[in-house]
Amino acid sequence: MKIYYKLLIILFLFSFSASPKLEIKILNFDQFKSYLHKDDGQVYVINFWATWCKPCVEELPAFEKLNAEYRQNGVKVILVSLDEIELVETKLKSFISKKGLKSEVILLDDPDFNSWINQVNLKWTGAIPATLVYKGKNSSFHEGSLDYKQLLKMVKSKL
Amino acid sequence: MKTLILSIFLLAIFSNVQSQGYSIGDRAEDFKLLNIDGNHVSMSDYPEAKGIIVIFTCNHCPYAKKYEQRIIDLDKKYKSQGYPVIAINPNDPKVVAADSYDKMKERAREKGFTFPYLFDAKQKVYPVYGAKKTPHVYLLKKSGNDFHVAYIGAIDNNYSDADKVTEKYLENAIEALQENKNPDPAVTKAIGCSIKTRKK
């Protein structure tokens, strides 16, 4: 019986070390800014969202599909979460595992919104979801929900 | 033909302006919306006001919740100085059940709202203002019988922690009006929850 317990404990520990630990970059706007100005020939798709935002969560599958289908073709999807920093461990990480999100997630922790919203795009009123697609200097911005077709159209005009 | 093209062109410009809502200096149209106490409220119910703090807000949005106490405090501080708060919920409860009229009553009671909390049930008022999210503030200044838009945007620069606020945009704007100055900045931006409408 004891051996079973030991085995169980070993298995338990092993399963922990085997599953990769989910790491999320936590950045303020100054640290994040460079993600808006990459010029490496890739198309960057930057989506602003939060776990509690219903229309944001509803459009995530479109971004995941884009990431799966176009990652090899020079498209980089970055999901920029605006969740509160206190909820990273309890909510954001479990959300990402539960949904099995494969795109890169960054937490943008900078509540001084007025200082940076216009630096993302002058047209942005601040409502989420919002999406910026760019390649070098060629960029387009959309405030509000996107379906896969609309998202693909934004991306394809830059490929 | 030329006139037709011209009129289509003008119509396009006009409708575009309409959909963008108010800019600083625009005259704000009056509205008549149902309050949580069962009565209707209009701006004309405030003949003594020097201005009105119109805030589009709602029950469900985490940003809106973070500002509830600050909105109560603003109303308590500035109502007696002639600048009362009028809060308006612009969301369609068919999209977000937590923003229904009954839930508005509940939330106002729980939090002890000191100001009217109106329901834009037909979603006709928020597009006239050009509100895009909750919370979204329009500070109006009375001149003659009219109200004009003096400030648009955020309440302050830290939704998450009131103690860490370094810029009280709205309070500064009210105080500018009290000194007969134009608010500076007159427009600020904040992240907010998109206003919820049914997909057309």
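Our subject is the structure that appears above.
Along each chain, residue indices are assigned from 1 in the same order as the chain's sequence is written. To read the labels, note that chains go from A and ligands from 1, taken in the order they are written. Per-residue local features are limited, in this predicted model, to residues with pLDDT of at least 70; the limit for side-chain atom pairs, both in listing and counting, is 80 or more; totals at the level of whole chains, interfaces and linings are taken over all residues. Based on all heavy atoms of the structure, the side-chain values leave hydrogens and waters out of the count.

(A) Geometry of the state of the cysteines. Residue and element names in this part refer to chain A. We call a pair of cysteine sulfur atoms a disulfide whenever their separation is within 2.5 Å. Enumeration according to the criterion identifies two disulfides over all chains in this entry. In this model, Cys53 is linked to Cys56 through a disulfide, with the two sulfur atoms separated by 2.1 Å. One quick way to see it: the torsion about the S-S bond of Cys53 and Cys56 is about 70°, and its sign makes the bridge right-handed. The cut-offs for exposure are 20% and 50% of the maximum accessible area for each residue type, with area from a 1.4 Å probe on protein chains only; residues under the lower value are buried, those over the upper are exposed, and the others partly exposed. Classification of Cys53 by relative accessible area gives buried; the value is 3%. Residue classification places Cys56 among the buried positions, given a relative accessible area of 0%.

(B) Seen up close, the packing of helix H2 (residues 62-78) of chain B against helix H5 (residues 169-178) of chain B. All names here are of chain B. Running from N to C, H2 and H5 cross one another at 15°; their axes reach a closest spacing of 12 Å. In this view, H2 runs roughly parallel relative to H5, as classed from their interaxial angle. For the element pair H2 and H5, the recorded crossing hand is right-handed. Residue-level inspection shows Leu74, Lys77 and Tyr78 of H2 in contact with H5, the latter providing Leu170, Glu171, Ile174, Glu175 and Gln178. Angles shown run from 0 to 180 degrees and are taken between the N-to-C directions of axes, each axis being a line fitted to C-alpha atoms and, for helices, limited to the stretch in contact. Secondary structure elements follow DSSP: runs of H or I of four or more residues count as helices, runs of E of two or more count as strands, with numbering from the N terminus. We call two directions roughly parallel when the angle between them is under 35 degrees, roughly antiparallel when it is over 145, roughly perpendicular when it lies between 65 and 115, and oblique otherwise. Each crossing gets its handedness from the near helix: less than a right angle anticlockwise from the far helix is left-handed, clockwise is right-handed. By the convention used here, residues are in contact when the closest approach between their heavy atoms is within 4.5 Å.

(C) Structural detail: the packing of aromatic side chains. Only Phe, Tyr and Trp rings are paired, with Trp represented by its six-membered ring, and only when their centres lie within 6.5 Å; those with planes under 30 degrees apart are stacked, over 60 edge-to-face, the remainder tilted. Summed over all chains, the structure comprises 22 aromatic pairs over all chains. Plain terms: the ring middles of Phe113(A) and Tyr159(B) are 5.2 Å apart, the flat faces sit at 15° to each other, and that makes the pair stacked. Linking Phe113(A) in the loop between strand E4 (104-108) and helix H5 (117-120) with Tyr159(B) in the loop between strand E9 (146-153) and H5, this pair reaches from one chain into another. Each ring, one from Phe56(B) and one from Tyr129(B), has its centre 5.4 Å from the other, and the planes form 65°; the classification is edge-to-face. Of the two residues, Phe56(B) sits in strand E4 (residues 51-56) while Tyr129(B) sits in helix H4 (residues 125-129), which places them 73 residues apart along the sequence. Taken together through their ring pairs, the aromatic side chains of Phe29(A), Phe32(A), Tyr35(A), Phe48(A), Trp52(A), Phe113(A), Trp116(A), Trp124(A), Phe141(A), Tyr63(B) and Tyr159(B) make up a single cluster.

(D) Just the pattern of salt bridges, in detail. All names here are of chain A. Any Lys or Arg side-chain nitrogen located within 4 Å of an Asp or Glu carboxyl oxygen qualifies as a salt bridge. Within this structure, the stated rule accounts for 15 salt bridges over all chains. With its nearest N and O atoms 3.1 Å apart, the salt bridge here joins Glu89 to Lys93. Here Lys93 and Glu89 lie together in helix H4 (residues 88-99), a separation of four residues that amounts to about one turn. A residue is classified by how much of its surface remains accessible, and Glu89, at 56% relative accessible area, is exposed.

(E) A look at the sheet that holds strand E5 (residues 85-89) of chain B. Residue and element names in this part refer to chain B. When DSSP finds at least two bridges between two strands, those strands are taken to pair. Read from one edge of the open sheet, eight strands run E1-E9-E8-E4-E5-E6-E2-E3, paired in mixed fashion. The open sheet is flanked by strand E1 (27-28) and strand E3 (40-41), the only strands paired with a single partner. Relative to E9, E1 is paired through two bridges, and the arrangement is antiparallel. In the sheet register, Arg27 faces E9, and the bridge partner there is His148.

(F) Geometry of H2(B). All names here are of chain B. Every helix has an expected span of 1.5 Å times one less than the residues it contains. Along its 17 residues, H2 runs 25 Å from first to last C-alpha, staying within 8% of the 24 Å computed at 1.5 Å per residue. If you look at H2, its biggest bend is around 40°, right at Glu68. Every buried residue of H2 is listed here: Tyr63, Ala64, Tyr67, Glu68, Arg70, Ile71, Ile72, Leu74, Asp75 and Tyr78. Looking at the buried residues of H2, the elements they touch are E4, E5, helix H3 (101-111), strand E7 (133-134), H5 and strand E10 (192-194). At any given residue, the bend is defined as the angle formed between two axes, one fitted to the seven residues that end at that position and one fitted to the seven that begin there.

(G) Structural view of the layout of surface pockets. Cavity and pocket criteria rest on a 1 Å grid covering protein atoms alone: a 1.4 Å probe that fits but cannot get out defines a cavity, protein on both sides within 12 Å along at least 5 of 7 lines defines an open pocket, and an atom within 4 Å of a point defines a lining residue. Grid points are joined across faces, edges and corners, and a volume is the space filled by probe spheres set on the points. When its volume is computed, the largest pocket comes out at roughly 990 Å³. Surrounding the largest pocket, 30 residues form its lining, Tyr126(B), Ser194(B), Ile195(B), Lys196(B) and Thr197(B) being those nearest its centre. Put simply, the parts of the chain that give the lining of the largest pocket at least two residues each are helix H3 (54-70) and strand E5 (127-128) of chain A together with helix H1 (2-20) and H4 of chain B. Ranked by residue count, the leading element in the lining of the largest pocket is H3(A), at four residues.

(H) Inspection of the interface of chain A and chain B at higher detail. At the interface, 22 residues of chain A touch 20 residues of chain B. A 1.4 Å probe defines the accessible area here, and the buried area is the portion of it lost by two parts on being joined, summed over both. Between chain A and chain B lies a buried interface of about 1800 Å² when both sides are counted; carbon and sulfur atoms form 57% of it. The largest contributions to the chain A side of the interface with chain B come from Trp52(A), Phe113(A) and Asn114(A), which together make up 32% of the buried area. Across the chain A-chain B interface, the total number found is one salt bridge. Linking Lys66(B) and Glu84(A) is a salt bridge whose minimum nitrogen-to-oxygen distance equals 3.1 Å. Between N or O atoms, a polar contact is any pair within 3.5 Å; within protein, one atom must be a potential hydrogen donor and the other a potential acceptor, and residues adjacent in sequence are included only when both atoms are from side chains. Taken together, the connections running from chain A to chain B amount to eleven residue pairs in polar contact (both at pLDDT 80 or more). Residue assignment for the side of chain A that touches chain B shows that the elements contributing at least two residues are H3, H5 and E5 of chain A.

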